Amino acid sequence: MKDYFRQESIAFRYMPLLYLARILFAALMLISGNIQWCIMLLGIMFSLGLNYSTEEEYLLPLTDEEYKKRRLCRVLMIWLRYLILGTGGYIMMYVLSSFDNIRRIISLRPAFAIVFFVFQMLLVFEVLLEGVIGKGIKLSTPETVLRHIHMIIFFVYGIAYVRGSDTGLILTENETLHIVIMAAAMILIIFNCIKMLHTWKVEDYAPESEKLFAGGKKA
Amino acid sequence: MALFECRSLTKKIGTYRLADIDFDLEGGTILGLIGINGCGKTTLLRTILGSYRIDTDAEDTGELILNDNHFHKAQKEYRNDIAYVLQECPFNENMHAGEVGERYGHYYRDFNKSRYFALLGEYGIDPKKGISELSKGQVIKMQLAFARSYPALLYIFDEPAGNLDVHFRDEFYELLRKLVSDEKHAVIISSHLVSELEHIADELLWMGREEERGFVRFMGSIDELKNDYRLLSLDKEENTIPKELIAGKRERASHCEYLLCKNGVEFDKALPEDMVKKLVFPALQEIMYYVEKEEA
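Just so it is clear, the model here is predicted, and its values are computed rather than measured.

Cut-offs used in this document
- Residues numbered from 1 in each chain as written.
- Chains lettered and ligands numbered in written order.
- Predicted model: local features only at pLDDT ≥ 70, side-chain atom pairs only at ≥ 80, totals over all residues.
- Helix = DSSP H or I, 4+ residues; strand = E, 2+ residues; numbered from the N terminus.
- Contact = placed C-beta atoms within 7 Å.
- Buried ≥ 20, exposed ≤ 12 C-beta atoms within 10 Å, placed from the backbone.
- Arc of directions from axis to C-beta.
- Core = buried A, V, L, I, M, F, W, Y, C linked by C-beta atoms within 7 Å.
- Domains from an automatic or database assignment.
- Nonpolar A, V, L, I, M, F, W, Y, C, P; charged D, E, K, R; others polar.
- Pairing = 2+ DSSP bridges.
- Axes fitted to C-alpha atoms, helices over the stretch in contact; angles between N-to-C directions.
- Parallel < 35°, antiparallel > 145°, perpendicular 65-115°, else oblique.
- Left-handed = near helix turned anticlockwise from the far one by under 90°.

Participant: Tell me about the overall build of chain B, and name the residues and values.
Facilitator: Within chain B, the secondary structure is distributed over eleven helices and 13 strands. Once the C-alpha set of chain B is aligned to its principal axes, its extents read approximately 65 × 45 × 35 Å. For chain B, contacts bridging at least 24 residues in sequence account for 67% of all contacts bridging at least 6.

The following block contains the structure:
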């Protein structure tokens, strides 16, 4: 972690504007209400795109364990950022929802909202792991669609959330059913994350642009 | 003991396989790495550097040893002793030139940050300039500044000279000679500028490609290689050269050029006297051209 902050301080000296962009982005996360998850996904893509892993990281004089720790720290620090901002955003929404002229209020019941937030954060963690240590997200075959079905569930619920609908696209008001579906998806995410971490082996360098969305194509 | 040893290296990338690459490198040597496009030069260099792993689960085999440090046992020490300049910039292009030294130099033993910035200045590179704003030649120079800022034993250059201006290229080759002059360091340099490599390299590793397999065609001194070959120009009607001597042929408008290879027999014993008088030593580039054309 010390190394992560060392790198951040170096980056700040060379690219202070980036930090201004980050502050603006953080503000958006706090006040964006129902579409917070959209901002979050855009932010992940931006973070991963700006800090993509290059061949140099495969050449550094590090042991495999040190290398893995370094990459995991990167995942965790980005994820913590979103967790803190996301939580802050929810608190702000509930506080501001007491004012009548604030339109962006949560229309779904609080229990559901909390489950959705937890689901969201777990999914963010999985996406980060896929981007940094995994083999990429691909929906090209029935098997890979099944493996990433929780992401489809996330988007369905996300759209319902934006619409402020209690039934959304699921066509039922049964909150318990919605929570069960999301809980099942969360279990799948946890399973995928554990599997990725457990089977993670430092592999050959491959250009990042070919990795995340094209599914681990080797250089 | 050799400074660097590559023992029975077999590495598979996709469908292509480097097969049984074996060579030693002594201190004080500049090893030229040549071969046609796609024969595996960059794959070999990346495996030596460690960005490609010898994955025994994938049936890769072999050992890499630098200064008595085996890659798989002492990865950190092994990597600390290697410096590199690569054709494709290994650094994040969103970074600035100065940031590269500050961020990555930290990981290398005895990295001298002041020296890095001084070398950037010497090469005319603004440390506050983004890597994406630099020309290809400047990126090579930036990598060179990084490589020279810590005490490595083995220097690896993957086609560095093609993007350098003629003036700097001369300085660059002079630098290579200085690097190995103390007999404690070695250089591996891959290049398509074979005519230039011929003047700088002490030894040659010539790789070949056969379908999906890369192999070592020749490993040894350049003189040793050239000594086995001769060029002979004859009129098109003359065709009395023993076939077993012909390694390659090129037809010109008025005559034919043949590359002859000894194959264990001295030329003056295998050819008539008038032909022996016409034999000339080929340039390295010519040997490569004829041999690879013949196989294509």
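Participant: Which residues make up the overall build of chain A, and what are the values?
Facilitator: Scanning chain A from terminus to terminus reveals nine helices and zero strands. Taken from N to C terminus, the helices and strands of chain A fall in the order α-α-α-α-α-α-α-α-α. In chain A, once contacts between residues fewer than 6 apart in sequence are set aside, the share between residues at least 24 apart is 75%.

Participant: Lay out helix 4 (residues 113-122) of chain B in plain terms, naming residues and giving numbers.
Facilitator: Residue and element names in this part refer to chain B. When we look at burial in helix 4, the residues that qualify are Tyr116, Leu119 and Leu120. Buried residues along helix 4 cover an arc of 105° about the axis, so they all sit on one side. Exposed positions of helix 4 whose direction lies more than 90 degrees from the buried face are Ser114, Gly121 and Glu122. Positioned one or two residues after helix 4, glycine 124 has a phi angle of 75°, which is positive.

Participant: Provide a residue-level description of the nonpolar core, including the pertinent values.
Facilitator: Counting 76 residues, the largest nonpolar core has Tyr84(B), Leu154(B) and Ile156(B) as the members making the most contacts within it. When residues of this core are sorted by domain, at least three fall in each of domain 1 (4-221) and domain 2 (228-295) of chain B. When residues no more than four places from it in sequence are discounted, the contact partners of Ile156(B) are Leu45(B), Ile48(B), Leu49(B), Ile82(B), Tyr84(B) and Ile188(B). In terms of nonpolar packing, the next biggest core, distinct from the first, is built from 27 residues, Trp37(A), Phe119(A), Phe125(A) and Leu129(A) among them.

Participant: So what's going on with the interface of chain A and chain B? Residues and values would help.
Facilitator: Counting residues at the interface gives 19 residues for chain A and 25 residues for chain B. Those elements giving two or more residues to the side of chain A that touches chain B turn out to be helix 1 (2-14) and helix 4 (55-59) of chain A. When grouped by side-chain class, the residues that make up the side of chain A that touches chain B number eleven nonpolar, three polar and five charged.

Participant: Would you mind going over the pairing of strand 12 (residues 246-251) of chain B in detail, with residue names and values included?
Facilitator: All names here are of chain B. Across five bridges, strand 12 lies against strand 13 (residues 255-261) in antiparallel orientation. Within strand 13, the residue paired with lysine 249 across the bridge is tyrosine 258. Here strand 12 folds back onto strand 13 in antiparallel fashion, the turn holding three residues.

Participant: Give me the environment of Leu259(B): which residues, what numbers.
Facilitator: Residues and elements named next belong to chain B. For leucine 259, the position within the fold is in strand 13. C-beta crowding within 10 Å serves as the criterion here: with 22 such atoms nearby, leucine 259 is assigned to the buried category. In the structure, leucine 259 is positioned 83 residues away from leucine 176 in sequence and 32 Å away in space, judged by C-alpha atoms. Discounting chain neighbours no more than four positions away, the residues touching leucine 259 are Tyr229, Leu231, Ala247, Gly248, Pro282, Glu286, Ile287 and Tyr290.

Participant: Could you give an account of the sheet that holds strand 13 of chain B, with specific residues and numbers?
Facilitator: Backbone hydrogen bonds hold the strands of a sheet together, and the pairing may be parallel or antiparallel. Residues and elements named next belong to chain B. Taking strand neighbours across the sheet as the criterion, the three strands line up as 11-13-12 in an open arrangement whose pairing is antiparallel. Where the open sheet ends on each side, the last strands, each with one partner, are strand 11 (229-235) and strand 12. Across this sheet, the average inter-strand angle for adjacent strands is 20°, counted without regard to direction. Against the sheet, helix 11 (residues 284-295) makes contact with strand 11, strand 12 and strand 13, and its axis sits at roughly 95° relative to strand 12, the strand it touches most.

Participant: Please set out the packing of helix 3 (residues 36-50) of chain A against helix 5 (residues 64-96) of chain A residue by residue, giving values where relevant.
Facilitator: Residues and elements named next belong to chain A. Where helix 3 meets helix 5, the closest approach of the two axes is 11 Å, and the angle between their N-to-C directions is 160°. Judged by the inter-axis angle, helix 3 sits roughly antiparallel to helix 5. Once helix 3 is placed against helix 5, the crossing between them reads as right-handed. Counting all contacts with helix 3, which are made through Gln36, Met40, Gly43 and Ser47, the residues of helix 5 involved are Ile78, Tyr82, Gly86 and Gly89. Grouping the amino acids of the contact of helix 3 with helix 5 by side-chain chemistry returns three nonpolar, five polar and no charged.

Participant: Break down the domain arrangement of chain B for me, with residues and values.
Facilitator: Residues and elements named next belong to chain B. For chain B, the domain assignment lists domain 1 (4-221) and domain 2 (228-295). Measuring from the centre of the C-alpha atoms in domain 1 to the corresponding centre in domain 2 gives 35 Å. Listed by partner, the interface residues are five residues for domain 1 and five residues for domain 2. Among the elements that take part in the side of domain 1 that touches domain 2, helix 7 (residues 194-200) stands out by supplying three residues, more than any other. Along the lines of polarity and charge, the residues of the side of domain 1 that touches domain 2 split into three nonpolar, one polar and one charged.

Participant: For the sheet that holds strand 4 (residues 61-66) of chain B, give the residues involved together with the corresponding values.
Facilitator: Residues and elements named next belong to chain B. Judged by pairing direction, the sheet is mixed, and its ten strands sit side by side in the order 5-4-1-2-10-9-3-8-7-6 without closing on themselves. Each end of this open sheet is capped by a strand with a single partner; those strands are strand 5 (69-70) and strand 6 (82-85). As judged from the five bridges shared by strand 3 (residues 30-35) and strand 9 (residues 203-210), these two strands associate in the parallel manner. Looking at the pairing, leucine 31 lines up with glutamate 203 of strand 9. Packing against the sheet, helix 6 (residues 166-180) makes contact with strand 3, strand 7 (154-158) and strand 8 (186-190), and its axis sits at approximately 150° to strand 8.

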